[in-house]
Every structure is written in C-alpha cells, then in structure tokens.
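Tertiary structure, described
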Number of protein chains: 2
Amino acid sequence: MPTINDVASLAGVSTATVSRALNGKSTVSPALVTRVLEAVTALGYQPNGPARSLRRRETAVLALIISDVENWFFTAIARGVEDVAHDMGYSVVLCNSDENADKERRYIDVAIQERVAGVILSPTGAGTNADVLADTGIPMVAVDRPLPVGFGDTVLVDTRQAARMATEHLLAQGYGRIGCVTGPAGVRTADDRLAGYRDALRAARRRTSSTLVRRSEYKGTRAQQASAELFAQTEPPDALLVANSAMAIGVLAAVRELGLRPGRDVGLVAFDDAPWTAVVDPPLTVVAQPAYEVGRIAAQLLLARIGSSRRAPAVTTLTARLLERASSRRSAR
Amino acid sequence: MPTINDVASLAGVSTATVSRALNGKSTVSPALVTRVLEAVTALGYQPNGPARSLRRRETAVLALIISDVENWFFTAIARGVEDVAHDMGYSVVLCNSDENADKERRYIDVAIQERVAGVILSPTGAGTNADVLADTGIPMVAVDRPLPVGFGDTVLVDTRQAARMATEHLLAQGYGRIGCVTGPAGVRTADDRLAGYRDALRAARRRTSSTLVRRSEYKGTRAQQASAELFAQTEPPDALLVANSAMAIGVLAAVRELGLRPGRDVGLVAFDDAPWTAVVDPPLTVVAQPAYEVGRIAAQLLLARIGSSRRAPAVTTLTARLLERASSRRSAR
DNA sequence: GTGAAAGCGCTAACAC
DNA sequence: GTGTTAGCGCTTTCAC
C-alpha cells in the first residue's frame, strides 16, 4: 500500500507538503495541491490511520457500547449516534456488550487501547467498568442508564414516570390485578420500571403484591416462562406491564398458549415502540421511548466534550409517550 | 496516559522486555515478568493500539459492514461474526451502510485507513465498492449477496430456492393468485426471491403476471404502500410472498387496514424468522434463513484467510427452512 | 509557501 | 534472557 512518501516523490514535493495539502491546515499553493491530489488518485493512496492517530494523539472514532444489538431500542439509539457523528466527521464503532460486564470491560479496554475520541455506553449492572474509562480521561456519555456522578454526561428516559403512566392507564381501563414483568435486579431501567408500577398502584391505594411481579433477563424466552408462572397462579393477573419489547414477545407467546386474547382477557402494555408492535393482533399498547433522540443527544454531548468544553457533567432526561392501542383497551372485551 | 517507557523504568527493565513480557513472544524470566506485570497494574498501563498497529503493520480488528442495523437478519449475522471473532482474539466493529453505496464507500475507506485485518460485507447494489477493497489486498468475505468472482469468499443462502419452496407451499395450500413484494431491482436477494417465486409459478404452469409483483425499498412503509396497491386492483392477489421481515410489517399493516385476516383471507409467507413473527396473530409463516450460521461461517473463512491461506475464493451456500405457521394455512379459512 | 527533521509508542532485529 | 536501536507512516515545529 502506498505511503505519503510515495505520494510526495510522485508529486515532486516533500511529505510535509502532501500532509498539508491533504489536511488543509496550513496554506499550500494551488498548483501543488493539484499535483498532490493527482498523485494521490494515481496511487490510490489512503492515509495510514494508525500512524496518523499515533502522531496526532487522537482519533476520529467513537465507540458505542450497547447492551443488546438485537434490541430495537438500542439499534435506534445507534442510528441517532451515527447520524450526528457522521455529520461531524466521526466514525462510530458499535460494540455489543450483551448485558455482560466482562464483555463490556473488554470493549472498554479496546476503546482505550484504540484511543477512541469518546465513548457512549449503556452501562451493564451496578458493577460497571466505567471507572476504568473515567481514569483515562476519555470523554464518555451514558445512555439509558446512569453512571456514578462525575463520570460524564448522561441521557436518560424518565422510565419510572413512564411505567407509572402506563400502569395508571391500565387502572383507568378497569384492570384490577395488574402484574409486572421486568428485568434483573440491579439493572437500573428494570428497577425503575418496577418502581413506577408500584408508584401507580400505591397512588391508587391498591395493594402491591409481590406475587404479581416477576423479574428475569431482558429476553423473550425468560419472560415467557415468567409470565406463564404468573398466569398459573390461583389468582392470576388480569393485566401486565412488560419492561421491554423482547420480553413482550415472550409474554405474547405465553398469553397465546393459554388461549387468552390481549385487550379482552388480559391488558398488556410493553415498553418500546418496536415496529412490529403495531401489527400484532390486537396492536400492542406501548411506552414509546425517544430512542433515536437519545442517541442524537448523546452524540452531541460527547462531541461537545471532545471539543474540550469543561462543563460539569449533566443529566438529560427525556420523556416517553404512551401509545394506547388495543391490547390495553378494556372496552374491547 | 502511561507509555511502555513508564512501565519499563518502574519495573527497572528495558522497553523491549516489557513488550516481550506483555506479548509472550520470546521467553522472559519469570521474575521479570512479575515485575513488569506489577508495574503495569500499578500504572494502569494500556498499550497504545495505534502505535502497535503501526509497528506491527496489522490490527486485530474486523470490520463488518451491513446494510441495515435494524434488520434482524443482519444483527443475527453480527452475533455469529462476533462470537467467532472474539474466540480468536479479534474485535468487531459494526458499520451500518444503510443500503447506501456512498455510506458503504465511506466505511470501506475507514476500514482501509484503519488497516483492519479483514472485512465482512453485505454489498449494496451492483455498483458496490468492493473493488477498492480488493485492490488493497485486505481479505474480504461477502455475506447475503455475492461479489464479483475473485474478490473473496462468499456466504449465501439459497434464497431463490427458498422463495420457490415458499411459493410452492402457497400453491399447495390452494392459493390461486399469488403475488410477490420484493426489494429494489439490482439488489441480488430481491432479484433472486422474485426469480424463485416465478420458478414456482412456471413449474406449476401458472401465468406469472407482473401486476401481482411489486418492488420497493426493503422497508416497512414502502412495502405497506406497495401491498396496498396490489390489493386495490380489481383482481387482487389472494396470497403474498414477502421478501423480508421489515417489509412483512408493512404488509401486515396493509392487510389489517383492509380488514383481511392472514390465513383466512390472504396467504402470507415472509422471509426471516424474526422473533416477533411467531407471536403475531395468526403466526406468520416464514422462510428461516440461518443468519447466525452465515455470520459464523463468514468469520471463520475470513480468519482463515487472514491466517494467510491462499486458497481460491469459494462460495458457501446455506439452505433456508420453511416454517409453516397459520398465516399460510388455507385450512384456517 | 515549502522543506528538513524530530518524534508519537511500539516491536523486532540485532547484539551480547 | 536482556538491552540497544532502528524504524513503522504520519504531523508539526522550525528554518528559510
């Protein structure tokens, strides 16, 4: 592969001039610029990224470490991050931590070693590895879940409030025994959604019964099992708040297996407005989190910080909307 | 951030020894290894990736350039790639070309500049940029869609055969006017699925009518519009083969809007066994492509080639399975 | 406006 | 087994 030296000799100039012509930093005479550019295309020259990074002591790459590539919420965030980053000339590398602290740690190490310009992270549980990153001084912003204060900016969705709103909607529809299927203890969103659910019941002076609550991994199969248990009780729930859309698939499978029809026999609300939720029958009522917006804002904050501004870390909280569809409309009974 | 020099002086050895101790290349006395390791942890040393890449003239990074991060088929491939790559000590950076040749070109340039060890690519349309990559000699394997011969290994699914099988299934169920909603002309999978559909009709001595075929972007909204047009005709189709799962969402929306019920009023088969397809009502009959397997095999081929073997490029073709569910069972009528 | 030269942090000959 | 040293390809003073 050709180097800057090859370009320089072909163009009959020094490497310094090639570098300047290519980076538009200092001013170079138009005639030389043309010659350099011709040499570049003639040779098919592509600058060596590692060499450039080494010398400049910085890269134009952002790392986005998300906890589940197959979760629509996170891929929507990824699109938001990408769109902003590309406009600013940054590339985004997507890493899938799979809700696993070891993988997360591994990707954080890679990010540090590659000296990325910044990291956007949806931290896995409590024992996250964000401190390692913070020590390096690489700017970081957390999405979906908070980081210990001081580590960086954070972009959240007010998911507790959203869960409360969703539960209140189910109460308003006349459901009496509302259950909740949420993620593992220690995962902040899972805890918050459960808390919001309890907030609503408490405010409505309903007893919150732990027999109506199940926690499992944020996965369809686990949620299917959890909800099957819930329905197998002598006093089963008549409605369910489901904490993410992968889980919703499992819950729908369990509901179908029991011959129940959402909206008629059981009220259902799930987090995340994944495209498919609108086409199941009946359509699924969802808590629509502004995922793309979360990604955009996170990227903007990160780039601002890379641009050296030394503001104190801030928390941005966006709100979710409830999209009422037929799976929670009691009137469908 | 500490460098190898800091580690060396703290451990009281030369940088060469630190390097050797850390890379386990040549043999270093156990006592020194311990001292080096202690210094490393004391300083929180993380090797500088760009410097290492520059010197070694290689990286342990693979680029995976896919055409749609929100498409389950591609994220499943990504998991397959990742699992294999990680086992072999490689990191995977995921890039979303968005079915856009310019973005694809941009990511290929990034991959070249970063001197990645290899590239896995689902090439966008005909005018793909793979030749640029091929010129550099960076190993490459194509997934889902073929590359001009000689460019690299290719892992495909026999999607034409699968489309034929799916169409034959609809014929066997007694559907008489089977339509097809597929992707844009020039996208190989879209063309192949259409061809397979026609193969089946021809074999059954049915007329293939172009009024029953629609092409659009591989997206839900576009497919919704396309299928609405199809159904608005005086002689609408009584069944549809849909070329991917994003499109299936749009088709289901159109079908619902018309008050039709899949399986009873219209037979439906779609490509890709996305998790949600099993929980719509009625469950969607799908062509299950072995996406994860495609990813695994692609990564294995790529790593083998990075490991210098100079075999001629090969094409691996996997087969898909038809999962018959209620959306195509005429008996449900 | 252009070139010469130093050096980013690391690894791999090459000595010893 | 360990140290010395020469670059990898680039950017960036510093001269002119």
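This one's a predicted model, so the numbers in the text were calculated from it and none came from an experiment.

Observations regarding the overall build of chain A
Of the regular secondary structure elements, chain A holds twelve helices and twelve strands. Relative to its length of 333 residues, chain A is extended, with a C-alpha radius of gyration of 25 Å against a globular reference of 20 Å. Over its C-alpha atoms, taken along the principal directions, chain A stretches across nearly 85 × 40 × 30 Å. Counting every position in chain A, which comprises 333 residues, the buried fraction comes to 55%. Residue pairs in contact within chain A that sit at least 24 positions apart in sequence constitute 68% of those at least 6 positions apart. Of the roughly 13600 Å² of accessible surface on chain A, a fraction of 50% belongs to carbon and sulfur atoms. In chain A, 39 positive and 34 negative side-chain charges are present, and the distance between their average locations comes to 3 Å.

Side note on the UniProt feature "domain: HTH lacI-type" (unreviewed entry) in chain A
Taking the numbering used here, the UniProt-annotated feature "domain: HTH lacI-type" (unreviewed entry) corresponds to residues 2–56 of chain A. Between the end C-alpha atoms of residues 2–56 of chain A there is a gap of 20 Å, over a span that is 71% helix and 0% strand.

Considerations on the relation of the copies chain A and chain B
The two chain copies are connected by a rotation around an axis plus a translation along it. When chain A is fitted to chain B, the residual RMSD is 0.0 Å, and the transformation amounts to a turn of 180° plus an axial shift of 0.0 Å. Here the transformation between the copies is reduced to the relation of a two-fold axis. Interface residue correspondence from chain A to chain B reaches 100%, placing this contact among same-surface, isologous pairings.

Quick notes on the pattern of salt bridges
Considering all chains together, one arrives at 44 salt bridges over all chains under this definition. Note that Arg261(A) and Asp281(A) form a salt bridge whose closest N and O atoms lie 3.4 Å from each other. In this pair, Arg261(A) is assigned in the loop between helix 11 (245–257) and strand 9 (267–271) and Asp281(A) in the loop between strand 9 and strand 10 (285–288), connecting sequence segments 20 residues apart. One salt bridge in this structure joins Arg215(B) and Asp191(B), with 2.7 Å as the shortest N-O distance. With a gap of 24 residues between them, Arg215(B) in strand 7 (residues 213–215) and Asp191(B) in helix 9 (residues 188–203) connect regions that are remote in the sequence. With relative accessibility at 33%, the residue Arg215(B) sits in the partly exposed group. On the accessibility criterion, Asp191(B) (24% relative accessible area) is partly exposed.

Quick look at the sheet that holds strand 9 of chain A
All names here are of chain A. Strand order in the open sheet formed by six strands is 7-6-8-9-10-12, and the pairing between neighbours is mixed. Among the strands making up the open sheet, the edge pair consists of strand 7 (213–215) and strand 12 (321–323). Along the sheet, successive strands turn relative to each other by an average axial angle of 15°, direction set aside. On the sheet, helix 8 (residues 159–172) packs against strand 6 (178–182), strand 8 (239–242), strand 9, strand 10 and strand 12 and is oriented at approximately 165° with respect to strand 9. Helix-sheet contacts for helix 9 (residues 188–203) involve strand 6, strand 7, strand 8 and strand 9, and the interaxial angle to strand 6 is about 170°.

A word on the protein's contact with DNA strand C
As a structural note, the neighbourhood of DNA strand C is formed by 25 residues, with Thr17(A), Arg57(A), Ile4(B), Tyr45(B) and Arg55(B) the closest of them. Sugar and phosphate atoms form 67% of the subset of DNA strand C atoms that lie within 4 Å of the protein. Here Asn48(B) contributes a backbone N or O atom positioned 3.1 Å from a phosphate oxygen of DNA strand C. Backbone polar atom of Ala51(B) to a base nitrogen of DNA strand C: 3.3 Å apart, as the coordinates give it. Mapped onto the surface near DNA strand C, the elements with two or more residues apiece are helix 2 (15–23) and helix 4 (49–56) of chain A together with helix 2 (15–23) and helix 4 (49–56) of chain B. Broken down by class, the residue content of the surface near DNA strand C amounts to ten nonpolar, eight polar and seven charged.

Digging into helix 1 (residues 4–11) of chain B
Residue and element names in this part refer to chain B. Among the residues of helix 1, those classed as buried are Val7, Ala8 and Ala11. For helix 1, the buried positions fall inside an angular range of 100° around the axis, keeping them on one side. Those residues of helix 1 that are exposed and angled more than 90 degrees off the buried face are Ser9 and Leu10. Two or three places before Asn5, at the start of helix 1, stands the capping residue Thr3, its side-chain oxygen 3.1 Å from that residue's backbone nitrogen. Count one or two residues on from helix 1 and you reach Gly12, which has phi positive near 70°.

What to know about the protein's contact with DNA strand D
Taken together, 25 residues surround DNA strand D, and among them Ile4(A), Tyr45(A), Arg55(A), Thr17(B) and Arg57(B) come closest. Restricting the count to atoms of DNA strand D within 4 Å of the protein gives a sugar and phosphate share of 62%. Residue Ser19(A) places a side-chain N or O atom 2.9 Å away from a phosphate oxygen belonging to DNA strand D. A distance of 3.3 Å is found between a base nitrogen of DNA strand D and a backbone nitrogen or oxygen belonging to Ala51(A). Of all the secondary-structure elements, those providing two or more residues to the surface near DNA strand D are helix 2 and helix 4 of chain A together with helix 2 and helix 4 of chain B. Residues of the surface near DNA strand D, tallied by class, amount to ten nonpolar, eight polar and seven charged.

Here is what the cut-offs are and how they apply
- Residues numbered from 1 in each chain as written.
- Chains lettered and ligands numbered in written order.
- Predicted model: local features only at pLDDT ≥ 70, side-chain atom pairs only at ≥ 80, totals over all residues.
- Heavy atoms only, no water.
- Helix = DSSP H or I, 4+ residues; strand = E, 2+ residues; numbered from the N terminus.
- Rg over C-alpha atoms; globule rule 2.2 N^0.38 Å.
- Buried < 20%, exposed > 50% of the residue type's maximum accessible area, 1.4 Å probe, protein only.
- Contact = heavy atoms within 4.5 Å.
- Areas by Shrake-Rupley, 256 points an atom, 1.4 Å probe, with all protein chains shown as cover.
- Lys, Arg positive; Asp, Glu negative; His and termini not counted.
- Charge placed at Lys NZ, Arg CZ, Asp CG, Glu CD.
- UniProt positions renumbered as here; feature names shortened; annotations may be inferred.
- Least-squares fit on C-alpha atoms with pLDDT ≥ 70 in both.
- Salt bridge = Lys/Arg side-chain N within 4 Å of Asp/Glu carboxyl O.
- Pairing = 2+ DSSP bridges.
- Axes fitted to C-alpha atoms, helices over the stretch in contact; angles between N-to-C directions.
- Near = heavy atom within 4 Å.
- Polar contact = N/O pair within 3.5 Å; in protein donor to acceptor, adjacent residues only side chain to side chain.
- Nonpolar A, V, L, I, M, F, W, Y, C, P; charged D, E, K, R; others polar.
- Arc of directions from axis to C-beta.

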